Amino acid sequence: YVDILIKKVIPMAIKLRDSTLLGNNYQNVAMALMNLKAYTQAEKYYENGLSLLQGRKESEEQLFTLTVNAARNAMFLRNPIKAKFFLDKAGRLATQLRSSSYLPIYHSVAGSYWAERRELAKADLHFNQALAAADQQQNSDMAATILFDQSTALQAAGNYRAAIKKLLDLLPYVQDRKSLANKQLVYYNLATSAAKLKRYDQAVKWYEAHKALTDSLFADKRSAEITALEKRYQTAEKER
């Protein structure tokens, strides 16, 4: 994906002199790098994208997306000044783009930022706005992501009781989905939060649920590897 963006899409955008297309695809590269935890490299692409998109009326939606994601990347880099810089830009755009599908993510990132600053009233305000926007858009997957972000922020602030409440609110979302990894993550966080509160019976229960899923994930991985090996063998036999 990144190879195509860098070798084909970005050179095409440069040739067309399309600043909006170029800026948006710098952001696409940045998001891919951020997902790979290459935050320093991602930062450069976010800044390049920002220089191309800001000040363009027709690019406000793309700029909003970029500033939100750049703020999240700055938080991963433990750079609160830069995170606040991007969040302030995103906040100004949010007032103009009230129907944007990215509003829930903006409020969730802002909530995480204020939680890290230990300003929990501001954090709760943003998280609640994020959930309200996700509900308005009828996006249950987004709501689940926001609840998890909120629980993570509460754990970081040492408020384990509130974190457990959010994780329990999240449980119905993950239990209705096929992703074992998401369930595993929620169970693990429930277990560690319960242990912090010395609720050891609950902690053991959630650790056991987490372990059972871990075993299932390993079994699925082994099965997939065996299937892939068998396919390679069959292909080699046909070629022979």
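Read on for an overview of the structure. Keep in mind that what you see is a predicted model, and the values were worked out from it rather than measured. (Residues numbered from 1 in each chain as written. Predicted model: local features only at pLDDT ≥ 70, side-chain atom pairs only at ≥ 80, totals over all residues. Heavy atoms only, no water.)

1. Details of the overall build of the protein chain
Here's step 1: Within the protein chain, the secondary structure is distributed over 11 helices and zero strands.
Here's step 2: The buried share of the protein chain, taken over its 240 residues, is 42%.
Here's step 3: Look at the contacts in the protein chain between residues 6 or more apart in sequence, and 53% of them connect residues 24 or more apart.
Here's step 4: Only carbon and sulfur atoms are counted for the fraction: they give 54% of the accessible area of the protein chain, which is about 14000 Å². (Helix = DSSP H or I, 4+ residues; strand = E, 2+ residues; numbered from the N terminus. Buried < 20%, exposed > 50% of the residue type's maximum accessible area, 1.4 Å probe, protein only. Contact = heavy atoms within 4.5 Å. Areas by Shrake-Rupley, 256 points an atom, 1.4 Å probe, with all protein chains shown as cover.)

2. With respect to a nonpolar patch on the surface
Here's step 1: A cluster of nonpolar residues, M12, L16 and L21, forms a patch on the protein surface that exposes about 290 Å² of accessible area.
Here's step 2: Counting through the fold element by element, L21 comes out in helix 2 (residues 19-35). (Patch = residues over 30% accessible without salt bridge, like charges linked within 9 Å, V, L, I, M, F, W, Y side chains within 5 Å. Salt bridge = Lys/Arg side-chain N within 4 Å of Asp/Glu carboxyl O.)

3. With respect to the side chain of E43
Here's step 1: Residue placement: E43 occurs in helix 3 (residues 39-53).
Here's step 2: Its relative accessible area of 18% is what places E43 among the buried residues.

4. Some thoughts on the packing of aromatic side chains
Here's step 1: The tally for this structure, following the rule as stated, stands at seven aromatic pairs.
Here's step 2: Ring centres of Y26 and Y45 lie 6.0 Å apart, and the angle between their planes is 55 degrees; on these two criteria the pair is classed as tilted. With Y26 in helix 2 and Y45 in helix 3, this residue pair connects regions lying 19 residues apart in the sequence.
Here's step 3: Ring geometry for Y188 versus Y207: centroids 6.4 Å apart, planes at 75 degrees, classification edge-to-face. Here the residue Y188 occupies a position in helix 10 (residues 180-196), and Y207 occupies one in helix 11 (residues 200-239), the gap between them amounting to 19 residues.
Here's step 4: Y207 gets classed as partly exposed once you look at its relative accessible area, which sits at 34%.
Here's step 5: Above the ring of Y113, the side-chain terminus of R117 is found at 5.3 Å from the ring centroid.
Here's step 6: Across from the ring centre of W114, 4.2 Å away, lies the NZ or CZ of K122, which sits over that ring. (Phe/Tyr/Trp six-rings, centres within 6.5 Å; stacked < 30°, edge-to-face > 60°. Lys NZ or Arg CZ within 6 Å of the ring centre and 35° of its normal.)

5. Digging into the pattern of salt bridges
Here's step 1: This model, assessed by the stated rule, comprises seven salt bridges.
Here's step 2: With a shortest N-O distance of 3.7 Å, E58 and R56 are connected by a salt bridge.
Here's step 3: Residue R56 is classed as partly exposed on the basis of its relative accessible area, which comes to 33%.
Here's step 4: In this structure, the salt-bridge partner of K165 is D169, at a minimum N-O distance of 3.7 Å. Residue K165 and its partner D169 are located together in helix 9 (residues 160-175), separated by four residues, close to a single helical turn.
Here's step 5: When salt bridges that share partners are traced, they join E43, E47 and K82 into one network.

6. Remarks on the nonpolar core
Here's step 1: One finds F64, V68 and Y106 to be the most contacted residues of the largest nonpolar core, which totals 63 residues.
Here's step 2: Apart from residues no more than four positions distant in its own chain, V68 is found in contact with A90, Y102, I105, Y106 and V109. (Core = buried A, V, L, I, M, F, W, Y, C linked by side-chain atoms within 4.5 Å.)

7. Overview of helix 9
Here's step 1: In this model, helix 9 (16 residues) spans 22 Å end to end at C-alpha, consistent with the 22 Å of a helix rising 1.5 Å per residue.
Here's step 2: In helix 9, a bend of some 30 degrees at D169 exceeds every other bend along the element, and P172, a proline, comes one to four places later.
Here's step 3: Within helix 9, the full set of buried residues consists of Y160, A163, I164, K166, L167, L170, L171 and V174. (Expected span 1.5 Å × (residues − 1). Bend = angle between axes of the 7 residues up to and from the residue.)

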